Amino acid sequence: MSQILLRSINKSYDGATQVLHDVSMEIEDGEFIVIVGPSGCGKSTLLRLIAGLEACQDGEIVIAGQRANEQLPQHRDIAMIFQNYALYPHLTVRENIAFGLELRKVPKRERNQRALEVARTLQLEPYLDRKPGALSGGQRQRVAMGRAIARNTSTFLMDEPLSNLDNALRVAMRTEIKALHRQLGATIIYVTHDQTEALSLADRIAVMKGGYLQQFDTPEAIYDRPANQFVASFLGMPPMNFLPVDKVPFWQGELGIEIGLRPEALSINRDGSGMSSLPGRIVLSEMTGSDVILHCETEAGRLTLIEERNRLSGGSGDVLIHVDLDRAHFFHGDSGARLDLA
């Protein structure tokens with residue numbers, strides 16, 4: 001069992017700079033949780049508190065039913081994987097994977113067997129006698145994961161583990177990490193600033209800003225019903241468009257709100273029909289393969305939408321943009337909180 005409870009966690013440095021504000025989460029056994037947010041939002045600090053690498057000044061951390069605030073890191077049954085791999089350059093892959101077992105005085109034959117089993121799982125068997133300097137970035141990351149797996153721990157904490165990899169390798173490693181989670185059934189808490197990683201990996205996502213937890217829910221719920229304007233803008237690519245309602249000529253509802261429109265809620269109106277349309281001009285087009293991202297200027301503000309490339313006759317010029325108000329989101333003009341308008 002590896003349920004983790006965070007109850008009203010606060011953290012400050014030197015008694016002045018507060019980096020976490022009353023953060024509470026309930027993480028179930030076997031969940032894949034992704035903590036996401038911009039740099040400096042407190043996500044890595046929260047991970048270090050769970051690991052025991054930093055002291056929890058206020059609030060309570062409960063791991064597997066036991067209060068963990070005073071527990072040393074080695075007593076928490078948690079393995080941590082860092083973005084810089086933290087491998088020993090003078091040790092082979094086999095020795096790096098088995099290093100934690102050696103510290104626990106596990107007999108050499110047993111730890112070598114365990115290292116072999118883990119290497120097979122991570123497709124590292126051909127590299128067991130190589131040293132980290134002879135490996136690619138993706139292989140080194142798998143060795144770091146293997147060292148954590150070898151401990152037979154119930155919880156893995158991953159702090160930006162893919163940030164040093166190129167884009168193609170990041171995609172491949174995301175697939176491997178997701179498959180590994182299904183295979184191990186362990187609890188994983190994964191920190192990233194990459195919203196694509198968050199949406200593709202997580203069972204649930206914790207979105208943070210300025211040390212505050214903004215929303216904690218499934219990827220689908222956060223994408224479809226963001227709690228506030230920050231969450232709506234942070235998750236989704238291209239990001240959500242926002243328009244003040246007083247700039248939208250066909251809007252008939254209340255004032256003092258912002259309309260949020262994901263790119264898929266917008267389209268080129270080719271026949272001029274319907275009332276919910278805005279005249280605009282394409283100022284930039286970006287081909288992404290079969291689709292084209294269009295950036296358009298309108299009197300209400302700049303809008304970004306996606307069109308199929310084979311349906312687009314040109315990448316510039318005047319257009320009429322259809323707005324699907326049934327797919328619109330609404331936010332309070334001052335606080336940014338979500339509004340549910342009937």
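None of the values given here were measured: they were computed from a predicted structure.

Turning our attention to the layout of surface pockets. Looking at the largest pocket, its volume works out to about 570 Å³. If you go around the largest pocket, you meet 20 residues; those closest to its centre are Ile78, Ala79, Met80, Arg147 and Arg151. Among the secondary structure elements, those contributing two or more residues to the lining of the largest pocket are β6 (78–81), α2 (93–103) and α4 (137–149). Considering each element in turn, the lining of the largest pocket owes the most residues, 4 residues, to β6. Counted by class, the lining of the largest pocket contains 15 nonpolar, 2 polar and 3 charged residues.

Quick look at the environment of Gly37 now. With respect to the secondary-structure elements, Gly37 resides in the loop between β3 (32–36) and α1 (43–51). It is 8.1 Å that separates the C-alpha atoms of Gly37 and Gln195, two residues lying 158 residues apart in sequence. Sequence-distant contacts of Gly37, that is, excluding residues within four places in its chain, are made with Lys43, Thr192, His193, Met208 and Phe234.

Its 14 residues give helix α3 (residues 108–121) an end-to-end C-alpha distance of 20 Å, which sits within 8% of 20 Å, the value for a rise of 1.5 Å per residue. Where α3 is concerned, the buried positions are Arg111, Arg114, Ala115, Leu116, Val118 and Ala119. Here the buried face of α3 lies against α2 and α4. Directly after α3, the chain includes Gln123, whose backbone phi takes a positive value near 55°.

With that settled, the discussion passes to the pairing of strand β17 (residues 317–323). As paired elements, strand β13 (residues 266–268) and β17 share 3 bridges and run antiparallel to each other. Pairing of Leu266 across the sheet is with Val323, part of β17. Pairing of strand β14 (residues 277–287) with β17 involves 6 bridges; the strand directions are antiparallel. From the neighbouring strand, Pro279 faces β17, where its bridge partner is Leu320.

What follows covers the pairing of strand β7 (residues 155–159). Here β7 lies mainly inside the structure; 5 of its 5 residues are buried. Strand direction decides the pairing type here: β7 and strand β8 (residues 187–192), joined by 5 bridges, are parallel. Residue pairing across strands places Met158 opposite Tyr190, the latter belonging to β8. Where the polypeptide runs from β7 across helix α5 (residues 167–184) and back to β8, its parallel neighbour, the crossover connection is right-handed.

Here the focus is the nonpolar core. Counting 47 residues, the largest nonpolar core has Ile97, Phe156, Tyr190, Ile205 and Val207 as its most contacted members. For this core, the element with the highest residue contribution is α4, accounting for 5 residues. Leave out the neighbours within four places in its chain, and Val207 touches Val36, Tyr212, Leu213, Gln214, Gln215, Ile222, Phe230, Val231 and Leu235. Membership of the second largest hydrophobic core comes to 28 residues, among which are Met25, Ile50, Ile78 and Ile189.

What follows covers the sheet that holds β14. Pairing is antiparallel across the open sheet formed by 5 strands, whose spatial order is β13-β17-β14-β15-β16. Two strands bound the open sheet, and with one partner strand each, they are β13 and β16 (301–308). Along the sheet, successive strands turn relative to each other by an average axial angle of 45°, direction set aside.

One pass over the full model with this rule turns up 5 aromatic pairs. Centre to centre, the rings of Phe32 and Tyr190 are 5.9 Å apart; their planes meet at 45°, and the pair counts as tilted. Residue Phe32 is located in strand β3, and its partner Tyr190 is located in strand β8; the two are separated by 158 residues in the primary sequence. With relative accessibility at 0%, the residue Phe32 sits in the buried group. In this structure Tyr190 comes out as buried when scored by relative accessible area, which is 0%. Here Phe242 and Phe331 contribute two aromatic rings whose centre-to-centre distance is 5.9 Å and whose plane-to-plane angle is 65°, an arrangement assigned as edge-to-face. Taken together, the positions of Phe242 in strand β11 (residues 241–244) and Phe331 in strand β18 (residues 329–332) put the pair 89 residues apart, joining distant regions of the chain. Of note, Arg262 hangs over the ring of Tyr223, and the distance from its end group to the ring centre comes to 3.8 Å.

Further remarks concern the sheet that holds strand β4 (residues 58–63). With respect to topology, 4 strands assemble into an open sheet ordered β2-β1-β4-β5, the strand pairing being antiparallel. Pairing within the sheet leaves two strands with one partner each, and these edge strands are β2 (17–27) and β5 (66–67). The pairing of strand β1 (residues 4–13) with β2 spans 7 bridges and is antiparallel. In the sheet register, Leu6 faces β2, and the bridge partner there is Met25. Against the sheet, α1 makes contact with β1, β2 and β4, and its axis sits at roughly 120° relative to β1, the strand it touches most.

Right, let's talk about the pattern of salt bridges for a bit. Applying the stated criterion to the full structure yields 18 salt bridges. In this structure, the salt-bridge partner of Asp340 is Arg225, at a minimum N-O distance of 3.0 Å. Separated by 115 residues along the polypeptide, Asp340 in the segment after β19 (338–339) and Arg225 in the loop between α7 (219–224) and α8 (229–234) bring together distant segments of the chain. With relative accessibility at 54%, the residue Asp340 sits in the exposed group. In the salt-bridge network here, residues are joined through shared partners; they are Arg7, Glu60, Arg67 and Glu70.

What counts and how
- Residues numbered from 1 in each chain as written.
- Predicted model: local features only at pLDDT ≥ 70, side-chain atom pairs only at ≥ 80, totals over all residues.
- Heavy atoms only, no water.
- 1 Å grid on protein atoms, 1.4 Å probe; cavity = no way out; pocket = protein on both sides within 12 Å on 5 of 7 lines; lining within 4 Å.
- Points joined across faces, edges and corners; volume = space filled by probe spheres on them.
- Helix = DSSP H or I, 4+ residues; strand = E, 2+ residues; numbered from the N terminus.
- Nonpolar A, V, L, I, M, F, W, Y, C, P; charged D, E, K, R; others polar.
- Contact = heavy atoms within 4.5 Å.
- Expected span 1.5 Å × (residues − 1).
- Buried < 20%, exposed > 50% of the residue type's maximum accessible area, 1.4 Å probe, protein only.
- Pairing = 2+ DSSP bridges.
- Right-handed = clockwise from strand over helix to strand, strands pointing away.
- Core = buried A, V, L, I, M, F, W, Y, C linked by side-chain atoms within 4.5 Å.
- Axes fitted to C-alpha atoms, helices over the stretch in contact; angles between N-to-C directions.
- Phe/Tyr/Trp six-rings, centres within 6.5 Å; stacked < 30°, edge-to-face > 60°.
- Lys NZ or Arg CZ within 6 Å of the ring centre and 35° of its normal.
- Salt bridge = Lys/Arg side-chain N within 4 Å of Asp/Glu carboxyl O.

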